[in-house]
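This is what each chain is made of:
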Amino acid sequence: MTEQDRTHLEWLYTGFAMMGFLINGDYSVEEIPHRSRELAKAMMNEPEELGIMAIKPRKKYSRKGD
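How each quantity is defined
Residues numbered from 1 in each chain as written. Predicted model: local features only at pLDDT ≥ 70, side-chain atom pairs only at ≥ 80, totals over all residues. Heavy atoms only, no water. Phe/Tyr/Trp six-rings, centres within 6.5 Å; stacked < 30°, edge-to-face > 60°. Buried < 20%, exposed > 50% of the residue type's maximum accessible area, 1.4 Å probe, protein only. Axes fitted to C-alpha atoms, helices over the stretch in contact; angles between N-to-C directions. Helix = DSSP H or I, 4+ residues; strand = E, 2+ residues; numbered from the N terminus. Parallel < 35°, antiparallel > 145°, perpendicular 65-115°, else oblique. Left-handed = near helix turned anticlockwise from the far one by under 90°. Contact = heavy atoms within 4.5 Å. Nonpolar A, V, L, I, M, F, W, Y, C, P; charged D, E, K, R; others polar.

(A) The packing of aromatic side chains, seen in detail. One pass over the structure, following the stated rule, counts 1 aromatic pair. Taken together, a centroid distance of 4.9 Å and an interplanar angle of 85° make the contact between phenylalanine 21 and tyrosine 27 edge-to-face. Residue classification places phenylalanine 21 among the buried residues on the basis of a relative accessible area of 14%. Residue classification places tyrosine 27 among the partly exposed positions, given a relative accessible area of 29%.

Have a look at this one:
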């Protein structure tokens, strides 16, 4: 991932965090930008191996007597 990609991803995370804070309504309007940036930076520092687990195919069952 390039530095530009990381910057764009951080701004995307900031926007998502800001929308979450606005929808939740727990913070004042002055606090939201600062808290959004803090949360986005925290999300960027997460290890990359964490994420959605791989979907494993289900075991195929056959009926008895078939």
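(B) A look at the packing of helix H1 (residues 3–24) against helix H2 (residues 32–44). Close contact between H1 and H2 brings their axes to 8 Å; oriented N to C, the two are set at 130°. When the axis of H1 is compared with that of H2, the two are oblique. Pair H1 / H2 crosses with right-handed handedness. Where H1 abuts H2, its residues Arg6, Leu9, Glu10, Trp11, Tyr13, Thr14, Ala17, Met18, Phe21 and Leu22 lie against Ile32, Pro33, Arg35, Ser36, Arg37, Leu39, Ala40, Lys41, Met43 and Met44. Residues that form the contact of H1 with H2 fall into these classes: 13 nonpolar, 2 polar and 5 charged.

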